[in-house]
Structure formats: C-alpha cells, structure tokens
Amino acid sequence: MKLLRSVLLATGLAAAILAPVAASAQDIKPRLIRFGYGLSESSNQGRAVKFFVEEMSKRSGGKLKVKGFADASLGSDIQMQNALIGGAQEMMVGSTATLVGIVKDFAVFDLPFLFNNEQEADAVFDGPFGQKLAAKLNDKGLVGLVYWENGFRNLTNSKRPVEKVEDLKGIKLRVMQNPVYIDMFNGFGANAVPLSFSELFTAMETGTVDGQENPVTTIQSSKFYEVQKYLTISKHVYSPWIVLASKRWYDGLSNDERKIINEAAAASRDFERKDSREASKQSIAYLKDKGMQINELSDAELGRMREMVKPAMDKFAADGGADLLNELQGEINKVRK
Ligand code: TF8
C-alpha cells in the first residue's frame, strides 16, 4: 500500500513536471497554407484574412504560415472549392451561395427576407442548424470551419433608380451562380445573368450587365461606384461567407494543428463580423460621396417583393427543401422570441 502510494506520488510528480514540457512540445510542423479569396486586400474580407494569418502565426509560434491570395488570384469561388476538394489548395473563404453544386441544402440561405438582423443570423449560423449544414461538406471533401458575414445584399445598376419592383424590368442583373438567385430576380422582372464575382466588374464596365447585388461594403471595396450610378437599399438576402479547408489536407494534420486552425478561425469570425458591421455603417456616406444616387425601398414595396418571390420559395420547397426551410424558420423564430 505504502509502495503503491509512493509510486502514485512519484508518477503524479513526474506528470506535473513533464506537463509544461508536453504542452509546449506540441505536434506542429512548419507548413505553408494557401488561403484564397475573391475580394481585394483592403476589403472587409481581406482584413479578416490578414487577422487569421496573424492569429495562426501567433498560436503556432510562427510555424503555420498562412498566405492570403486576394482578388480571386487563385480562381473564382467555384474553382477554389474544387482546388480544395482535390487538395491543390488548403483554404479559402467565399459565399455559401456558390456551394449549392456541392451541397444543395445551402440554397436555403439564399431565400430572401429570412433574417431581420445580424443577431438572428449569428445565432442560426453558429447554432445547430448552421453547424449541421457545414458538416454536410465533409463527405464532399471540404471542411466548413466558421461563417463570416458578407452582409445584407442591396441592388445597384447603371440604368435608373429602383424605387419599385417594376423598375427592375429588363435590367440585366448579374447574380451568383445559384438557382435561387436566378429564380428570385427573374421573378422580380429582371434578366438574371449568373456570373462569377471575378468577372463582374468588367461585365458592368462593358455593359454586358447593367447591375448586380451585394452588400454595401463590397460595393465600396470593389469600386462598383465607378461603373454603377444607382444604389437601392433592399436588404433582400442576408449573405454569409464560409471559411473552408481542404478535407484531404486537414485530415493529414495533427490534432494540435487542427486545434490551432479551429481556434484561429473562431477568433477570425468574431473579428470579421465586428469589423464588417462597423465598416458597413460608413459605406453609404462613402458611396454617396463617390456620386452614387441612393434610395431605400419602402416597407410597402418590400412587402410586394415578398409576395412576388413566393413562386421561387415554393419551387425551393417543392424541390425537396420544404423540411429544411421549416426547420430554418423554426430556428429563426426561436431567436426572435
Ligand atoms: C458574390 C459574393 C462575393 C463573394 C466573395 C467573392 O456576389 O457576394 O462577394 O463570393 O467571396 O459573388
């Protein structure tokens, strides 16, 4: 008994002495991690990538070196997703809307007028619903780490102010490569033109399209005011970004490395949302200063748009999305209470 006690004491002591050594001798290898994104380095997306780069370096003693690639220099969202799946690129951030070819369920977030504010969105994306959708990427070769905020989307065009839905008639409007967006804007009377973000500026400049829709932060950072005169605050969809890792690559990491990535990603999410929300408050004044003519859609007009978009909602439900949409609405209602 006495012997056992002293052995226990000794091993306990040894563990106590070894513990700090073990903790510092983490299993982290020097790695270069290519992180691609579509917006510019000076955008909210670029600032958050920079934050993530620094967090990773700090948390890994400089071993996990992330290099950000801005302006879709590694490819459009869809091209990067495929590079991640194949293991040719490690990380990216992009819209969930462009993931629908891989996990169809993500289209539920593209339905209009679901979220009333950012707080509702945070609760749903960080809660079980958002996590369940992210987990569906695992079978497809992707790891969904965290959601960042892209923001509420608004309309711009070079033709005329959009004060009522009818003003959209005949406007060639670029949308993301996503069936819900195509149905929604065709339903509003526009001619929806699906196009990757990286081709958008030139398409507006050359008149291939007349307009587009994105959060004000993006309209500012991508300098759309140079080729778009009219901005309509419509907040028709709350748009998230998702930070993705290549599953093939991620599975080959040590537990310590994965832990650092997960924690740095969570920190980047908190930074990005705060930063984007602050930035978006300045954007309207900035865009006005750049010469954009800005109007807000009235509640009555937004109500009409909700009615007009019902066929697109019904189509989503009929295509097998009914349960998912109900579940999402249930989650939002929980937060609202
Ligand atoms: C869009 C999206 C884009 C994002 C970005 C490139 O309109 O809102 O801003 O996908 O990551 O395509």
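As the structure is a prediction and not an experimental result, all values here were calculated from the model.

**Focus on the nonpolar core**
Ranked by internal contacts, the top residues of the largest apolar core, which has 56 residues, are Phe106, Val108, Phe109, Phe115, Leu137, Phe185 and Leu328. When we break this core down by domain, the ones giving at least three residues each are domain 1 (28-149 + 239-282) and domain 2 (154-237 + 283-336). With sequence-adjacent residues up to four places away left out, Leu137 is seen in contact with Leu99, Ile102, Val103, Phe106, Leu142, Gly144, Ile242 and Leu244.

**Examining helix H12 (residues 310-336)**
Taking 1.5 Å per residue, 27 residues should reach 39 Å; H12 reaches only 22 Å between its end C-alpha atoms and comes up short. Its axis deflected by about 115° at Gly321, H12 carries its strongest bend there. Those residues of H12 not exposed but buried are Ala312, Met313, Phe316, Gly321, Leu324, Leu325, Leu328, Glu331 and Ile332. Of the surrounding secondary structure, the elements contacted by the buried residues of H12 are helix H4 (118-126), helix H5 (128-135) and helix H6 (179-187).

**Considering the side chain of His236**
With respect to the helices and strands, His236 occurs in the loop between strand S9 (230-233) and strand S10 (238-246). On the basis of relative accessible area, His236 is assigned to the buried category, the value being 1%. At a separation of 2.7 Å, a polar atom in the side chain of His236 contacts the side chain of Glu213. Engagement of the side chain of His236 in a polar contact is seen with the side chain of Ser234, the distance being 2.8 Å. When residues no more than four places from it in sequence are discounted, the contact partners of His236 are Pro112, Phe113, Arg153, Asn154, Leu155, Phe185 and Glu213.

**Some points on unusual backbone geometry**
Phi angles above zero are rare outside glycine, and Lys223 is one such case at about 55°. Relative to the helices and strands, Lys223 is located in the loop between helix H8 (216-221) and S9. A relative accessible area of 41% means that Lys223 is categorised as partly exposed. Within the chain, Lys235 stands out as a residue other than glycine whose phi angle is a positive 45°.

**Digging into the packing of aromatic side chains**
Within the structure shown, the criterion is met by 16 aromatic pairs. An angle of 65° between the planes, with centres 5.8 Å apart, marks the rings of Phe115 and Tyr238 as edge-to-face. In this pair, Phe115 sits in the loop between strand S3 (91-95) and H4 while Tyr238 sits in strand S10, placing the two residues 123 residues apart along the sequence. In terms of burial, Phe115 and Tyr238 fall into one category: buried. Clustering of aromatic rings is evident, with ring pairs tying together Phe106, Phe109, Phe115, Phe125, Phe129, Tyr147, Phe152 and Tyr238. Taking NZ or CZ as reference, Arg258 lies 5.8 Å from the ring centre of Tyr250, over its face.

**Focus: the side chain of Glu120**
Relative to the elements of secondary structure, Glu120 occurs in helix H4. Assessed through its relative accessible area of 4%, Glu120 is described here as buried. A polar side-chain atom of Glu120 sits 2.8 Å from the main-chain amide nitrogen of Asn116. Those residues in contact with Glu120 that sit more than four places away from it in its chain are Leu114, Phe115, Ile332, Val335 and Arg336.

**Topic: the site of the ligand**
Near the ligand lie 13 residues; those nearest to it are Gln45, Asp77, Arg153, Arg174 and Asn214. Protein contacts shield 99% of the accessible area of the ligand, which totals 320 Å² for the unbound molecule. The residue inventory of the shell around the ligand, partitioned by class, reads four nonpolar, six polar and three charged. Counting the residues that make up the shell around the ligand, at least three belong to each of domain 1 (28-149 + 239-282) and domain 2 (154-237 + 283-336).

**Section: the sheet that holds strand S1 (residues 31-36)**
A sheet is described by the order of its strands in space; here five strands give the open sequence S2-S1-S3-S10-S4, paired in mixed fashion. With one partner strand each, in any of the chains shown, strand S2 (64-69) and strand S4 (142-152) form the two edges of the open sheet. Averaged over all adjacent pairs, the angle separating strand axes in this sheet is 20°, with direction ignored. Where S1 and S2 come together, six bridges link them in parallel fashion. What sits directly across from Arg31, in S2, is Leu64. Across the sheet, H5 lies against S4 and S10, angled at about 130° from S4, the strand it touches most.

Basis of the calculations
- Residues numbered from 1 in each chain as written.
- Predicted model: local features only at pLDDT ≥ 70, side-chain atom pairs only at ≥ 80, totals over all residues.
- Heavy atoms only, no water.
- Core = buried A, V, L, I, M, F, W, Y, C linked by side-chain atoms within 4.5 Å.
- Buried < 20%, exposed > 50% of the residue type's maximum accessible area, 1.4 Å probe, protein only.
- Domains from an automatic or database assignment.
- Contact = heavy atoms within 4.5 Å.
- Helix = DSSP H or I, 4+ residues; strand = E, 2+ residues; numbered from the N terminus.
- Expected span 1.5 Å × (residues − 1).
- Bend = angle between axes of the 7 residues up to and from the residue.
- Polar contact = N/O pair within 3.5 Å; in protein donor to acceptor, adjacent residues only side chain to side chain.
- Phe/Tyr/Trp six-rings, centres within 6.5 Å; stacked < 30°, edge-to-face > 60°.
- Lys NZ or Arg CZ within 6 Å of the ring centre and 35° of its normal.
- Near = heavy atom within 4 Å.
- Areas by Shrake-Rupley, 256 points an atom, 1.4 Å probe, with all protein chains shown as cover.
- Nonpolar A, V, L, I, M, F, W, Y, C, P; charged D, E, K, R; others polar.
- Pairing = 2+ DSSP bridges.
- Axes fitted to C-alpha atoms, helices over the stretch in contact; angles between N-to-C directions.

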